[in-house]
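Spelled out, the chains give:
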Amino acid sequence: MKKPPAKRGRVAVIGAGPGGMAAALSVHQAGHDVVLFERYPHARPAGNILNLWPPPIKALGLLGVNTEDLGAPCTSEFRNARGRRRVRAALPEQVVRDYGGGFIGLLRPELYERLLDALPRGVLQVNHTVERVEQDESGVRLHLADGRVHETDLVIGADGIDSLVRRTLWGDSPKREHNLHIFGGYTFDESVETEPGMCVLSHTRTVQGSWTAIRNKGRGGHQWWVLEAFDASREFSGDLHSTATSLGQAFARPLPQLIAATDPAHVQRWVIRDRKPLKQWSKGRATLVGDAAHPTSPYAGYGAGMATEDGYFIGRRLAGVDLSDYAAVRQALDAFEAPRKPHTARQSQHAYALGQVFHHAPRALQPIRDAILDRTPLMQKVVGDSTPGSILTQLGEIDRAEARFTALLGLGETDDTAS
């Protein structure tokens, strides 16, 4: 029996990062009215360099985002500082063929531009700061800085590591300091010779130094980053480019050459911190996506990607749901977060652990650690073999979500509670 079309609901998304924009696109495709509130004058990227694995790339394409030539297809390897390979993340040939590589390297602003291009007119509302969120079983009220109150059936907090929605739902919690900082930059200098289509993550005993190919607006180049232990309670007063140059000197070519070729204006620094995973994301008519739910260290290489996946999945779960029905909303939000929590928590915790192992191991243990990484298959098993499995699992989750979504759009028979 065919189902009648679902009643259009009202959804508000707070925060126009990748997770928020992906959520707005997916909710719109699900047939609900959606508004995306951004407190700044425009949706602005936090950072410059970025990598995306196949699942978020696939999700972006399904959301109507143009992914053609979005980034440089790459294969990733962990190496020691001298260039000896420790780990290779090998994905199945079909995945490599479909995505041109294991993942893509790109600059964050271009992803934002393409997401913005895909948003329907009128969805994004800039210069709108939400100061307070109230809800009951009948609906949600967002109190804006200009005094207005926006009423909606459901709110999605995509408002980052300092999320107002998260605090409203679950109270405040301390950030977890990794006591690490990272310097990252990019260059389009063609004089630096590199292995094409590679992402290389290398380590000395105390520093990570990495580089990857990128594409930006049809132009090829490279991004790089160096990462070391740093007391988060201290102020950093050094020169970004000079510090990165010093940290990169211990690594094999081409990392030092890429840093030297980078315009100092294209170098950024940020301190790494996260929050411990939440046991529950949703409460009442509100839920969380991206860094609001699971801020993650760059060691995962998956922060923006998981946010994009979250946005995709929340919209798919709201398809066919009467948002005026509180019980139906609760069921949909629980179904959304159930498979996302273990996946994102595992990535977040794994990234934290890697940062501790590589940058906070006692000095006496560092040679032992490096000998194990160089001479045993431990890291290949922990990182190289587990990463492809996680990627394939997420691709399968997207396939199942899209099949269910397509059935709902076609008004065919379906089970709203199906996985």
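Residues numbered from 1 in each chain as written. Predicted model: local features only at pLDDT ≥ 70, side-chain atom pairs only at ≥ 80, totals over all residues. Heavy atoms only, no water.

Enquirer: How do you make sense of helix α4 (residues 108–118) when you look at a structure like this?
Expert: Structural remark: α-helix, 3.6 residues per turn; residues separated by three or four positions point the same way. Among all positions of α4, only Arg108, Glu110, Leu111, Tyr112, Arg114 and Leu115 are buried. Each element contacted by the buried residues of α4 is listed here: α1 (18–29), β3 (49–52), α2 (54–62), β6 (103–107), β14 (207–216) and α8 (303–318). (Buried < 20%, exposed > 50% of the residue type's maximum accessible area, 1.4 Å probe, protein only. Helix = DSSP H or I, 4+ residues; strand = E, 2+ residues; numbered from the N terminus. Contact = heavy atoms within 4.5 Å.)

Enquirer: Looking at this structure, I do not really get the sheet that holds strand β11 (residues 154–157). What am I missing?
Expert: Strands in a sheet are paired, the pairing made by backbone hydrogen bonds, and the direction either parallel or antiparallel. Read across the sheet, five strands follow the order β7-β2-β1-β11-β17 without closing on themselves; strand pairing throughout is parallel. Looking at the sheet topology across the chains shown, the edges are occupied by β7 (124–125) and β17 (286–288). In terms of strand pairing, strand β1 (residues 10–14) meets strand β2 (residues 33–37) through five bridges, oriented parallel. The partner of Arg10 across the bridge, within β2, is Asp33. (Pairing = 2+ DSSP bridges.)

Enquirer: So what exactly am I meant to see when it comes to the nonpolar core here?
Expert: For soluble globular proteins, nonpolar side chains are generally found buried alongside one another. Formed by 98 residues in total, the largest nonpolar core has its most connected members in Val11, Leu52, Leu142 and Ile156. No other element matches the eight residues that helix α9 (residues 326–359) contributes to this core. Those residues within four positions of Val11 in sequence are excluded, and the remaining contacts are Val27, His32, Asp33, Val34, Val35, Thr152, Leu154, Ile156, Leu318 and Leu323. Val192, Trp211, Val226 and Phe251 belong to the second-largest nonpolar core, a separate cluster that totals 16 residues. (Core = buried A, V, L, I, M, F, W, Y, C linked by side-chain atoms within 4.5 Å.)

Enquirer: What's the story with the sheet that holds strand β10 (residues 149–152) in this structure? I'm lost.
Expert: A sheet is described by the order of its strands in space; here three strands give the open sequence β8-β9-β10, paired in antiparallel fashion. The sheet terminates laterally at β8 (130–136) and β10, the two strands that pair on one side only. Taking the axes of each pair of neighbouring strands and ignoring which way they run, one obtains an average angle of 20° across the sheet. Across six bridges, the pairing between β8 and strand β9 (residues 139–144) is antiparallel. Paired with Gln135 across the strands is Val140, a residue of β9. (Axes fitted to C-alpha atoms, helices over the stretch in contact; angles between N-to-C directions.)

Enquirer: I tried to follow the state of the cysteines on my own but got confused; where do I start?
Expert: In protein structure, a disulfide is the covalent linkage between the sulfur atoms of two cysteines. Taken as a whole and assessed by the stated rule, the structure comprises zero disulfides. For Cys74, which is in no disulfide, the shortest distance to another cysteine sulfur is to Cys199 and amounts to 6.4 Å. (Disulfide = S-S within 2.5 Å.)

Enquirer: What should I look at first to understand the packing of aromatic side chains in this one?
Expert: As enumerated under the stated definition, the model contains seven aromatic pairs in all. With a centroid separation of 4.9 Å and 55° between ring planes, the pair formed by Trp53 and Phe103 is classed as tilted. With Trp53 in the loop between β3 and α2 and Phe103 in strand β6, this pair connects stretches of sequence that are 50 residues apart. A residue is classified by how much of its surface remains accessible, and Trp53, at 11% relative accessible area, is buried. Ring geometry for Tyr312 and Phe313: centres 5.1 Å apart, planes at 75°, overall edge-to-face. Phe313 shares its class with Tyr312; the two are buried. Taken together, the ring pairs connect Phe183, Phe230 and Phe236 into an aromatic cluster. Its end group placed over the ring of Tyr352, Arg176 keeps NZ or CZ at 3.9 Å from the ring centre. A cation over a ring is seen here: Lys283 above Trp170, with NZ or CZ 4.3 Å from the ring centre. (Phe/Tyr/Trp six-rings, centres within 6.5 Å; stacked < 30°, edge-to-face > 60°. Lys NZ or Arg CZ within 6 Å of the ring centre and 35° of its normal.)

Keep in mind these values describe shape, not function.
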